[in-house]
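Spelled out, the chains give:
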Amino acid sequence: MKMSGACHCGAVQFTVTLIDGLATARRCDCSFCAMRGAVAVSARRNDLTVTRGEDALTRYTFNTDTAQHFFCKHCGIYTHHRRRSNPDELGVNLACLKDQTPFLPVVQVRDGRNHPTDTSGARLAGVLRFTNAGDAR
Ligand SMILES: [Zn+2]
């Protein structure tokens, strides 16, 4: 199913088909993602099309520069990133997708501090469970 997405100010708009819907939703605990705080869902690289505002997208890279994190240069919102673990895949900001919420009851956390490219394989760092906002610990 093709979904539409946008940054906060609307300068960047895109359509995307996810690999497995919201089943791929996860957070990552690497130094960058922990600060960014977004929940990402997976898409194949060619399944995301920027329909407006390509020139408003800017990119951040660090460490090995393999992962490319894209965000709107006007509102600063992260829209998607090209994965380091699989450069043919994108992580897409779930909160940017129309009619979707990042406040899922359970979100897996990837062990981004021990990246699969640096270690023997991907590991699960944990699972975040949200019962309601007041109970989150
Ligand atoms: Zn924007």
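The rules behind each value
- Residues numbered from 1 in each chain as written.
- Predicted model: local features only at pLDDT ≥ 70, side-chain atom pairs only at ≥ 80, totals over all residues.
- Heavy atoms only, no water.
- UniProt positions renumbered as here; feature names shortened; annotations may be inferred.
- Core = buried A, V, L, I, M, F, W, Y, C linked by side-chain atoms within 4.5 Å.
- Buried < 20%, exposed > 50% of the residue type's maximum accessible area, 1.4 Å probe, protein only.
- Helix = DSSP H or I, 4+ residues; strand = E, 2+ residues; numbered from the N terminus.
- Contact = heavy atoms within 4.5 Å.

For the chain, the name recorded in an unreviewed UniProt entry is CENP-V/GFA domain-containing protein, with Jannaschia donghaensis as its organism. Listed in UniProt under the heading Sequence similarities (unreviewed entry), the comment for the chain reads: "Belongs to the Gfa family."

Enquirer: Please explain the nonpolar core as it appears in this structure.
Expert: In a soluble, globular protein the nonpolar side chains are often hidden away together inside. Grouped together as the largest cluster of nonpolar side chains are 16 residues, with contacts concentrated most on F14, V16, L18, V41, V92, L94 and L97. If you list the elements that add at least two residues to this core, you get β2 (13–18), β4 (40–52) and β8 (89–93). Residues in contact with L97, not counting those within four places in the same chain, are M3, S4, G5, F14, V16, L18, V41 and V92. One finds C7, A11, F70 and C72 within the second-largest nonpolar core, a separate group that totals seven residues.

Enquirer: How do you make sense of the environment of H74 when you look at a structure like this?
Expert: Its location among the elements puts H74 in the loop between β6 (68–72) and β7 (78–82). With residues up to four places along the chain from it excluded, the contact list for H74 reads C9, A11 and A56.

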